[in-house]
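Results of the structural survey
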Amino acid sequence: MKITFLGTGTSQGVPVITCRCAVCTSNNFKDKRLRTSVLVETGDRTIVIDSGPDFRYQMLRAGATDLDAILFTHEHKDHVAGMDDIRPFNYMLHKNIDVYASPRVQEALRREFSYIFSNVQYLGLPRINLNTIDDAPFSIGSKTVVPLNIMHYKLPIHGFRIDDFSYITDAKTVPEATMEQLKGTRVLVVNALQRGEHISHFNLKEALDFAANVGAEKTFLTHISHNLGRHEDVERELPPNVYLAYDTLSLFI
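Everything in this summary refers to the structure shown in the same document. From a predicted model like this one, the values you see are computed outputs, not experimental measurements. (Residues numbered from 1 in each chain as written. Predicted model: local features only at pLDDT ≥ 70, side-chain atom pairs only at ≥ 80, totals over all residues. Heavy atoms only, no water.)

Topic: the packing of aromatic side chains
Summed over all chains, the structure comprises seven aromatic pairs. With a centroid separation of 6.2 Å and an interplanar angle of 45°, the aromatic rings of F5 and F220 are classed as tilted. Of this pair, F5 sits in strand β1 (residues 2–7) while F220 sits in strand β12 (residues 218–222), placing them 215 residues apart in sequence. In this structure, F5 and F220 share a single accessibility class: buried. Taking the centre distance of 5.4 Å and the plane angle of 40° together, the rings of F202 and F210 count as tilted. Considered together, F202 and F210 belong to a single accessibility category, that of buried residues. Members of the aromatic cluster, each reached through a chain of ring pairs, are F5, F220 and Y243. In this arrangement the basic side chain of K30 is found over the ring face of Y246, its NZ or CZ atom lying 4.6 Å from the centre. The ring of F117 is capped by R110, whose NZ or CZ atom sits 4.6 Å from the centre of that ring. (Phe/Tyr/Trp six-rings, centres within 6.5 Å; stacked < 30°, edge-to-face > 60°. Helix = DSSP H or I, 4+ residues; strand = E, 2+ residues; numbered from the N terminus. Buried < 20%, exposed > 50% of the residue type's maximum accessible area, 1.4 Å probe, protein only. Lys NZ or Arg CZ within 6 Å of the ring centre and 35° of its normal.)

What follows is the structure in structure tokens.
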């Protein structure tokens, strides 16, 4: 599998509009973070986890020429707002895009993109096949996707495991049953919002403690805000085999 980080920023992105802090004014491209999303290429399928408001540019920047499926972790705007931009894949590739979401997330998609689901259809609408996620593993092409139950404060959301790759964002607490599902993960991606406490996201210490408990060969931190610090400064503080992800970073598993 090839994993490409399409975005590694929090809901506001980095730089933040109007902010003049050291991170937001940094010239280092690793401090420029679009909203969090990842591209997974399995060999026979191309999958995106979350299509936020930067989705169009992210796919252009990644040089993506195919898309088979979008997996949604949850319904917050920074994770779903770009779904309309699947349209070029519809008409260039002559296919519908499979969308995988929990029933609650599907309700939000029907509200946000009501025209897709309207009885009045017209040329140019996004074309999707809506698939329901529950706790059961499901297949996309040759790969099995394992939904991971996560708590985003009081909101139940999903992470995903595909083979030895596990992706978790917006986590605040992780049930013990999910920890069992993470055993043997070689590459872990997990959110690390900032240094200070946050009501619905891991801070840096919580993310590092979580990573140590999972024990993956490599851990990459994502969903990063400008409050965490400059990329080059934070990287020097991290333990072995833990790294800050950055936009456009690619991994091969």
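Here we look at the nonpolar core
Nonpolar side chains in soluble globular proteins tend to end up buried together. Counting residues in hydrophobic clusters, the biggest one holds 26 residues, and the most contacted among them are I168, V190, F210 and L221. Listing elements by their share of this core, those giving two or more residues are β8 (143–152), β9 (155–162), β11 (187–191), α6 (204–214) and β13 (242–244). Those residues in contact with L221 that sit more than four places away from it in its chain are V190, A192, L204, A207, L208, L238, V242, Y243, L244 and A245. The next biggest cluster of nonpolar side chains, apart from the first, holds 25 residues, and it includes Y100, I140, V145 and Y246. (Core = buried A, V, L, I, M, F, W, Y, C linked by side-chain atoms within 4.5 Å. Contact = heavy atoms within 4.5 Å.)

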